[in-house]
Amino acid sequence: MDPWEPYRRHLITHAEHPVAAPLHDDAVAALLDAALAHVPGGGRLLDLGCGEAPWLLRALATRPSARAVGVDLSADTLASAAGAAKRLGVAGRLELRQTSAGEYAPGDPFDAVLCVGATHAFGGLLPALAAVGRHLAPGGCAVVGEGFWERGPTPAALAELDADPDDYADLATTVDRVVDAGWAPVHGHISSLAEWDAYEWRWTGSLTRWALDRPGHPDAPAARETVTAHRAAWLRGYRGVLGFVTLVLRRDEAP
Ligand SMILES: C[S@@+](CC[C@H](N)C(=O)[O-])C[C@H]1O[C@@H](n2cnc3c(N)ncnc32)[C@H](O)[C@@H]1O
């Protein structure tokens, strides 16, 4: 433990998460299996808003001939991804691009295109799906993770999330919108309350430990204030109100 390490909040809060979204490890594995079932050996993957690239790193580590491109705006998360890729021995098969996901120019199409917890990079679910579709090879799979309202959003949830009621829909409407946009769900995962709670305890717990272990660090007070605010937003605001669904999709070309 380095008592003077720079305060990189995003890396600290996600340090114990399988991915930067409320999914347990086995759900991540099952979604990747479903997305890549049709690709012998692993194929080519693209992750738009990849963060620390946990989806791609897992795919590369378990599929020796897979290759992947990760796109994100954050230099910190991409540096973390690059370090992890080196440690796993997959760096030669992972290309990382620091650019806005919407500006990543389509080249050769990909067998799987992911956008989990990053649809805001495109202005919402439907424009994100359109962008994903532009990068996808015929017969390929999209993996898209998006929020939805578990129940009608309360004023407290909207305030804590700084959200509008129209930012999300209920689960059935969310899936209807995806289907109406020309996609067929072939697999999916609805995050449970237990997955959300584990995600939030790890988010707040990692940051709390970081601050407690570095009492003299100039950023320790700010870290503790962030924990207090985040925990209040979760427990007094969006817990049980905001849901998260991850869909594995193929283009539906049926007439
Ligand atoms: C909640 S994280 C999800 C990361 C990753 N998809 C995962 O599941 O672990 C959202 C990511 O989207 C990235 N992001 C936000 N806006 C973006 C944009 N316009 N272009 C690319 N990445 C963006 C953030 O930097 C962040 O890493």
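Here is a short report on the structure shown in this document. In this text the structure is predicted, and so the values were computed from the model without any measurement.

The rules we used
- Residue numbering note: each chain is counted from 1, following its sequence as written.
- Under the rules for a predicted model, residues below a pLDDT of 70 receive no local features and side-chain atom pairs below 80 are neither given nor counted, while totals for whole chains, interfaces and linings still include all residues.
- Only hydrogens and water are set aside when side-chain values are computed; all heavy atoms of the structure are taken into account.
- When DSSP finds two or more bridges between two strands, those strands count as paired.
- Secondary structure is summarised from DSSP: a helix means a run of H or I of at least four residues, a strand means a run of E of at least two, and numbering begins at the N terminus for each.
- Inter-axis angles, ranging from 0 to 180 degrees, are taken between N-to-C directions of lines fitted to C-alpha atoms, where helices are fitted over the stretch in contact.
- Whether two residues touch is decided by their heavy atoms; if any such pair falls within 4.5 Å, the residues are in contact.
- The way it works is a 1 Å grid over only the protein atoms, where trapped points that fit a 1.4 Å probe form a cavity and open points with protein on both sides within 12 Å along at least five of seven lines form a pocket, and then any residue with an atom within 4 Å of a point lines it.
- Grid points are joined across faces, edges and corners, and a volume is the space filled by probe spheres set on the points.
- When residues are sorted by character, Ala, Val, Leu, Ile, Met, Phe, Trp, Tyr, Cys and Pro go into the nonpolar class, Asp, Glu, Lys and Arg into the charged class, and all the rest, Gly among them, into the polar class.
- Roughly parallel means an angle under 35 degrees; roughly antiparallel means over 145; roughly perpendicular covers 65 to 115; every other angle is labelled oblique.
- Each crossing gets its hand from how the near helix is turned against the far one by less than a right angle, where anticlockwise is left-handed and clockwise is right-handed.
- The criterion for a residue being near a molecule or strand is simple. One of its heavy atoms has to lie within 4 Å of it.
- Two N or O atoms count as a polar contact when they lie within 3.5 Å, although within protein this holds only if one can serve as hydrogen donor and the other as acceptor, and sequence-adjacent residues are included solely when both atoms are side-chain atoms.
- In short, Shrake-Rupley with a 1.4 Å probe defines the accessible areas, and a residue's cover is counted only from the protein chains shown.
- Only protein chains enter the area calculation, which uses a 1.4 Å probe; residues under 20% of their type maximum are buried, those over 50% are exposed, and those in between are partly exposed.
- The charge count treats Lys and Arg as positive and Asp and Glu as negative. His and the chain ends do not count.
- For salt bridges, the criterion is a side-chain nitrogen of Lys or Arg within 4 Å of an Asp or Glu carboxyl oxygen.
- Among buried residues, those of type Ala, Val, Leu, Ile, Met, Phe, Trp, Tyr and Cys that are joined through side-chain atoms within 4.5 Å constitute a nonpolar core.
- Patches here are clusters of residues that have more than 30% relative accessible area and form no salt bridge, with a 9 Å joining cutoff for like charges and a 5 Å cutoff for nonpolar side chains (Val, Leu, Ile, Met, Phe, Trp, Tyr).
- Working definition for charges: the position is that of NZ of Lys, CZ of Arg, CG of Asp or CD of Glu.

1. A few points about the sheet that holds strand β5 (residues 136-149)
Reasoning step 1: Reading across from one edge, β3-β2-β1-β4-β5-β7-β6 is the order of the seven strands in this open sheet, with mixed pairing throughout. Looking at strand neighbours, the two that pair on one side only are β3 (94-98) and β6 (183-190), the edges of this open sheet. Going from strand to strand, the sheet's axes swing by 20° on average, the running direction of each strand aside.
Reasoning step 2: Of the pairings in the sheet, the one linking β5 to strand β7 (residues 242-251) comprises eight bridges and is antiparallel in character. By the bridge assignment for β7, G145 is matched with T246.
Reasoning step 3: Each of β1 (44-48), β4 (110-116), β5, β6 and β7 is contacted by helix α2 (residues 25-36), which is oriented at about 165° to β6, the strand it contacts most.
Reasoning step 4: Docked against the sheet, helix α3 (residues 54-62) engages β1, β2 (67-72), β3, β4 and β7, running at close to 170° with respect to β2.

2. A word on the layout of surface pockets
Reasoning step 1: The computed volume of the second largest pocket comes to approximately 160 Å³.
Reasoning step 2: For the lining of the second largest pocket, the elements supplying multiple residues, two or more each, are α1 (9-13) and α8 (193-212).
Reasoning step 3: Residues that form the lining of the second largest pocket fall into these classes: six nonpolar, no polar and five charged.

3. A short note on the packing of α2 against α3
Reasoning step 1: Two elements in contact, α2 and α3, have axes separated by 11 Å at closest approach and are oriented at 65°. Judged by the angle between their axes, α2 and α3 are roughly perpendicular. Considering only the axes of α2 and α3, their crossing is right-handed. From α2, D25, V28, A29, L31, L32 and L36 reach across to α3, where they touch W55, R58 and A59.

4. A few points about the site of the ligand
Reasoning step 1: Taken together, 18 residues surround the ligand, and among them A20, G49, D72, A101 and V116 come closest.
Reasoning step 2: Between the ligand and G49 there is a distance of 2.8 Å, counted from a nitrogen atom to a backbone nitrogen or oxygen.
Reasoning step 3: One of the side-chain nitrogen or oxygen atoms of D72 is found 2.6 Å away from an oxygen atom of the ligand.
Reasoning step 4: Across the complex, the protein chains shield 86% of the 600 Å² of accessible surface that the ligand would expose by itself.
Reasoning step 5: For the shell around the ligand, the residue count by class is 10 nonpolar, seven polar and one charged.

5. As for the side chain of E195
Reasoning step 1: Position of E195 relative to the elements: it lies in helix α8.
Reasoning step 2: Summary of buried charges: E195 has no salt-bridge partner, and the nearest side chain of opposite charge, R202, is 8.8 Å away.
Reasoning step 3: Among the polar contacts made by the side chain of E195, one reaches the main-chain amide nitrogen of H24 at a distance of 2.8 Å.
Reasoning step 4: Separated by 2.8 Å, the side chains of E195 and H189 make a polar contact.

6. Considerations on the nonpolar core
Reasoning step 1: Ranked by internal contacts, the top residues of the largest apolar core, which has 52 residues, are L23, L45 and W55.
Reasoning step 2: Those residues in contact with W55, other than ones at most four positions away along the chain, are V19, L23, V28, L31, L32, D47, L114, V116 and T246.
Reasoning step 3: Counting 25 residues, the second-largest nonpolar core is a separate cluster that includes A131, V132, V178 and W183.

7. Examining a negative patch on the surface
Reasoning step 1: Residues D162, D164, D166 and D167 make up a contiguous surface patch of negative charge.
Reasoning step 2: You can see D166 is positioned in the loop between α6 (155-161) and α7 (171-180).
Reasoning step 3: Look at D166 and you get exposed, because its relative accessible area is 72%.

8. Considering empty space enclosed by the protein
Reasoning step 1: This model, assessed by the stated rule, comprises one cavity of 30 Å³ or more.
Reasoning step 2: A volume near 30 Å³ is recorded for the largest cavity.
Reasoning step 3: Along its surface, the largest cavity is lined by H17, P18, A21, P22, L23, H24, E195, A198, Y199 and R202.

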